[in-house]
Amino acid sequence: MAKKIWILSGAGLSAESGLRTFRDHDGLWEEYDVMEVCSIEGWRRDRDKVTRFYDARRAQLAHVLPNAAHYYIASLEERYPDRLINMTQNVDDLLERAGCCHVIHLHGTLTDLRCEECGSVFHIGYAHQEGFCCPKCGSARVRHNVVMFGESAPAYRHLYEAMDEAGLFIAIGTSGQVIDVGSIAERVALSVFVNPKREEEPRWGREIGWLDERFDRFIQKKATEAIDEIEEVIREFVANL
Ligand code: OAD
Ligand code: ZN
């Protein structure tokens, strides 16, 4: 039996730290055109605009703090070092700042840049990109280290590994619109969905709740308010191994 505990988080995990999600009513995609700032076509059309978008995200990240849910996930890493798979779609560094050391960032990292010539990834923290060159080859052709729509996400290979290894899957704060967490839920023995909101838009012929109903359990709460219930599920899972 698969014995790992797999946490897959999304923008909702960092919402209570003050970082806006993408698809909520006040989300980032209300203010920005996603295809202009987060797609390969938008990047080819206007590099400066995309760079400004990520500069602003980085500057904002400097002013927020991890919340109780980030610290809780860090405590899981510490208590279950060989059992936890800590994966996130988030590009912020709040899990690391809460003490996590083994985060798999499926969509890249905001605090790094990547060289377009040699591919090396280097840390810039919360700084603006302007003036940075690749420390390895000296090229000035550097870019954000965040996956865009239209390009591959190499870290997705970890999704397939995790599907084989995990016996408990917990999706926290994701709309499931980029990574199909509903399908993952149906493949893992026990699955939990944490989200304060049910999907209200019918989709693929399914009615309200089309996503949460694919999970064994739905904790309809904000991430920080769901901690006790998540802890209960994890304890029970571990006790029954
Ligand atoms: P979304 O913005 O699509 O979804 C965020 C989800 O978090 C929604 O379902 C909210 O209901 C929920 N939520 C809001 N507040 C919450 C809270 N306090 N606690 C728990 N959940 C809460 O974000 P993601 O699913 O993460 O890609 O989006 C996936 C990807 O789309 C992102 O990684 C990003 C974007 O394009 C890249 O940056 C490459
Ligand atoms: Zn380089």
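Above this note sits the structure.
This report concerns the structure included in the present document.

Each value, and the rule that gives it
Residues numbered from 1 in each chain as written. Chains lettered and ligands numbered in written order. Predicted model: local features only at pLDDT ≥ 70, side-chain atom pairs only at ≥ 80, totals over all residues. Heavy atoms only, no water. Helix = DSSP H or I, 4+ residues; strand = E, 2+ residues; numbered from the N terminus. Buried < 20%, exposed > 50% of the residue type's maximum accessible area, 1.4 Å probe, protein only. Contact = heavy atoms within 4.5 Å. Patch = residues over 30% accessible without salt bridge, like charges linked within 9 Å, V, L, I, M, F, W, Y side chains within 5 Å. Areas by Shrake-Rupley, 256 points an atom, 1.4 Å probe, with all protein chains shown as cover. Salt bridge = Lys/Arg side-chain N within 4 Å of Asp/Glu carboxyl O. Near = heavy atom within 4 Å. Polar contact = N/O pair within 3.5 Å; in protein donor to acceptor, adjacent residues only side chain to side chain. Nonpolar A, V, L, I, M, F, W, Y, C, P; charged D, E, K, R; others polar. 1 Å grid on protein atoms, 1.4 Å probe; cavity = no way out; pocket = protein on both sides within 12 Å on 5 of 7 lines; lining within 4 Å. Points joined across faces, edges and corners; volume = space filled by probe spheres on them. Pairing = 2+ DSSP bridges. Right-handed = clockwise from strand over helix to strand, strands pointing away. Axes fitted to C-alpha atoms, helices over the stretch in contact; angles between N-to-C directions. Core = buried A, V, L, I, M, F, W, Y, C linked by side-chain atoms within 4.5 Å.

1. Observations regarding the environment of Phe-237
Working step 1: With respect to the element layout, Phe-237 can be found in helix H10 (residues 227-239).
Working step 2: Judged by its relative accessible area of 7%, Phe-237 is buried.
Working step 3: Between the C-alpha atom of Phe-237 and that of Cys-101, which follows or precedes it by 136 residues, the distance is 23 Å.
Working step 4: Dropping the residues within four chain positions of it, Phe-237 is found in contact with Met-1, Ala-2, Lys-3, Lys-4, Ile-5, Gly-167 and Leu-168.

2. Considerations on a nonpolar patch on the surface
Working step 1: A grouping of Met-35, Phe-149 and Val-178 is seen on the molecular surface, where their side chains present a nonpolar patch of about 230 Å² in accessible area.
Working step 2: Its place among the elements puts Met-35 in helix H3 (residues 34-37).
Working step 3: Overall, Met-35 belongs to the partly exposed group, its relative accessible area being 42%.

3. Observations regarding the site of ligand 1
Working step 1: Around ligand 1, the structure places 24 residues, and the nearest of them are Phe-22, Arg-23, Thr-174, Ser-175 and Asn-195.
Working step 2: Between ligand 1 and Asn-195 there is a distance of 2.7 Å, counted from an oxygen atom to a side-chain nitrogen or oxygen.
Working step 3: When ligand 1 is considered free in solution it has 800 Å² of accessible area, and contact with the protein chains removes 95% of it.
Working step 4: Partitioned by chemical class, the residues of the shell around ligand 1 number 10 nonpolar, 9 polar and 5 charged.

4. Side note on the layout of surface pockets
Working step 1: Of the pockets and cavities examined, the second largest pocket occupies roughly 250 Å³.
Working step 2: Considering the residues around the second largest pocket, the lining is formed by 13 residues, among which Asp-48, Thr-51, Gln-129, Glu-130 and Gly-131 are closest to the centre.
Working step 3: A per-element tally of the lining of the second largest pocket places helix H5 (residues 47-61) first, with 5 residues.
Working step 4: Along the lines of polarity and charge, the residues of the lining of the second largest pocket split into 4 nonpolar, 4 polar and 5 charged.

5. Points about the pairing of strand S7 (residues 166-172)
Look at any regular strand and the pattern is simple: side chains alternate between the two faces of the sheet.
Working step 1: With 7 of 7 residues buried, S7 lies mostly within the body of the structure.
Working step 2: Pairing analysis gives 6 bridges linking strand S1 (residues 4-9) to S7, with the strands arranged parallel. What sits directly across from Lys-4, in S7, is Ala-166.
Working step 3: For the crossover from S7 across helix H9 (residues 181-187) to strand S8 (residues 190-194), the handedness is right-handed.

6. Describing the sheet that holds strand S6 (residues 142-146)
Within a sheet, each strand pairs with its neighbour through backbone hydrogen bonds, oriented either parallel or antiparallel.
Working step 1: Pairing within the open sheet is antiparallel, and its 3 strands lie in the order S5-S4-S6. Looking at strand neighbours, the two that pair on one side only are strand S5 (121-123) and S6, the edges of this open sheet. With strand direction ignored, the average angle separating the axes of adjacent strands in the sheet is 45°.
Working step 2: Sheet contacts for H5: strand S4 (108-115) and S6; angle to S4, the most-contacted strand, approximately 140°.

7. Description of the nonpolar core
Working step 1: Formed by 27 residues in total, the largest nonpolar core has its most connected members in Ile-5, Leu-168, Ile-170, Ile-172, Val-194, Ile-230 and Ile-234.
Working step 2: For this core, the elements supplying multiple residues, two or more each, are S1, helix H6 (68-79), S7, S8 and H10.
Working step 3: In contact with Ile-230, not counting residues within four places along its chain, are Tyr-72, Ile-170, Ile-172, Val-194 and Ile-219.
Working step 4: Ranked by size, the runner-up nonpolar core spans 21 residues in total, among them Leu-8, Ala-171, Ala-185 and Val-188.

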